[in-house]
Amino acid sequence: MMIPKSHPRYKSLILREKLVEGVRDGVVVLQGLIAHGRGEAFDYILGEKSHEFALKAEEVAVALMLLAKNPVISVNGNTAVLSGREIAELAKLTNAKVEVNVFHFSKERVGRIKDYLERFGIEVLAGCDAELDGLESARRIVDKRGIYIADVVLVPLEDGDRCEVLKKHGKKVIAIDLNPLSRTARMADVTIVDNVVRAIPNMIKIAKRLKDLSRNELIKIVESYDNKEVLVKAIYAIRDYLTKVARDLSII
Ligand code: PTJ
């Protein structure tokens, strides 16, 4: 569909088109469109920008990935379509593996997402040859060279059930989730309350800045971080944004 560039919500409409195309290609599931709608709503009431608290979490996330022995970026259907190219770049900068991990599982679909991502010049793990104990959903199916042995896992658009299990397996979890109230947001070690389409490019810039720091300098960045504080700030940002909009309308 042709979307006029002059449309006030051009960027948002383009993302929707990408996802719809992703459904046609069998990469995105229909449920992914619902999930995106929820994300859009949270993005709207956050003012559709990367706040200071998100940039802080993004910096800590990159530092954690650079410090990790086996960092892995877990990619599902929505993330592949929205940010595949940028994820490939971030993976190269942080030496992270990229693994397909989906909630709505079929071997064919996993293969399609792998092919989709490999167009961006990276090797993508999709072995589906190991399982995470303690998880019943298909997200338990992982690659023994990837999430199974990872010490740090970046999980954009998580569906909530896996974060806790990844932590039980001793992994540090970085979540990207526009909903600061979600179970994932509360469970993760680092929660990036930002749109994945802004978060990953921000992380690429940060990785270029941090990649030559010493381990001690990276540890300092990680040590100063408090995830609860970030979640509280995100919730207050929603409150403040809505208050401002209401004031501007002279409702109160
Ligand atoms: O590809 P699959 O099979 O793994 O399925 C993917 C979906 C997204 C359908 C699955 O993971 C799912 O059902 O997710 P949920 O439980 O709806 O959670 C998605 C979370 O991501 C919600 O809290 C949304 O607010 C958030 N979200 C949606 N779009 C974005 C987002 N967060 C950041 N950036 C977005 N663009």
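Coordinates for the structure precede this section.
This section reports on the structure supplied with the text. For clarity, every value in this text was computed on a predicted model and none was experimentally measured.

1. Structural notes on the pattern of salt bridges
Opposite charge on two side chains makes pairing possible when the charged atoms of those side chains draw close.
Okay, so step 1: Under the counting rule described, the total for this entry stands at 18 salt bridges.
Okay, so step 2: Glu164 serves as the salt-bridge partner of Arg183, at 2.7 Å between the closest nitrogen and oxygen. Here Glu164 lies in helix H6 (residues 162–168) and Arg183 lies in helix H7 (residues 183–187), a separation of 19 residues in the sequence.
Okay, so step 3: Note on Arg183: relative accessible area 46%, which makes it partly exposed.
Okay, so step 4: Notably, a salt bridge pairs Lys167 with Asp189, separated by 3.6 Å at the nearest N-O pair. Taken together, the residues span a long stretch of sequence, with Lys167 in helix H6 and Asp189 in the loop between H7 and strand S8 (190–192) at a distance of 22 residues.
Okay, so step 5: For Asp189, a relative accessible area of 21% gives the class partly exposed.
Okay, so step 6: Residues participating in the shared-partner salt-bridge network are Asp43, Asp194 and Arg198.

2. What about the pairing of strand S7 (residues 172–176)?
Okay, so step 1: Of all five residues making up S7, four are buried, and the element is well covered by its neighbours.
Okay, so step 2: Across five bridges, strand S6 (residues 152–156) lies against S7 in parallel orientation. By the bridge assignment, Leu154 is partnered in S7 with Ile174.
Okay, so step 3: Where the polypeptide runs from S6 across H6 and back to S7, its parallel neighbour, the crossover connection is right-handed.
Okay, so step 4: Here S7 runs beside S8; their pairing, made up of three bridges, is parallel. Directly across from Ile176, in S8, lies its bridge partner Ile192.

3. Digging into the site of the ligand
Okay, so step 1: Near the ligand lie 24 residues; those nearest to it are Phe103, His104, Arg109, Asp177 and Asn195.
Okay, so step 2: Within the side chain of Asp177, an N or O atom sits 2.9 Å from an oxygen atom of the ligand.
Okay, so step 3: Within the backbone of Leu178, an N or O atom sits 3.2 Å from a nitrogen atom of the ligand.
Okay, so step 4: Protein coverage of the free-state accessible area of the ligand, which is 740 Å², stands at 94%.
Okay, so step 5: Comparing atom positions with the cavity grids shows the ligand to sit within the largest pocket.
Okay, so step 6: Those elements that provide at least two residues to the shell around the ligand are helix H2 (30–45) and helix H4 (77–94).
Okay, so step 7: If you tally residues by element for the shell around the ligand, the top one is H2, at six residues.

4. Quick notes on the pairing of strand S2 (residues 97–100)
The side chains of a regular strand alternate, residue by residue, between the two faces of the sheet.
Okay, so step 1: Pairing geometry for strand S1 (residues 71–75) and S2, over four bridges, is parallel. Counted as the bridge partner of Val72 is Lys97 from S2.
Okay, so step 2: A crossover connection joins S1 to the parallel S2 through H4; in handedness this β-α-β unit is right-handed.
Okay, so step 3: Considered for its hand, the β-α-β crossover made up of S2, helix H5 (residues 107–118) and strand S3 (residues 124–125) is right-handed.

Cut-offs applied
- Residues numbered from 1 in each chain as written.
- Predicted model: local features only at pLDDT ≥ 70, side-chain atom pairs only at ≥ 80, totals over all residues.
- Heavy atoms only, no water.
- Salt bridge = Lys/Arg side-chain N within 4 Å of Asp/Glu carboxyl O.
- Helix = DSSP H or I, 4+ residues; strand = E, 2+ residues; numbered from the N terminus.
- Buried < 20%, exposed > 50% of the residue type's maximum accessible area, 1.4 Å probe, protein only.
- Pairing = 2+ DSSP bridges.
- Right-handed = clockwise from strand over helix to strand, strands pointing away.
- Near = heavy atom within 4 Å.
- Polar contact = N/O pair within 3.5 Å; in protein donor to acceptor, adjacent residues only side chain to side chain.
- Areas by Shrake-Rupley, 256 points an atom, 1.4 Å probe, with all protein chains shown as cover.
- 1 Å grid on protein atoms, 1.4 Å probe; cavity = no way out; pocket = protein on both sides within 12 Å on 5 of 7 lines; lining within 4 Å.
- Sits in = over half its atoms within 2 Å of the grid points.

The analysis is restricted to geometry; functional conclusions fall outside its scope.
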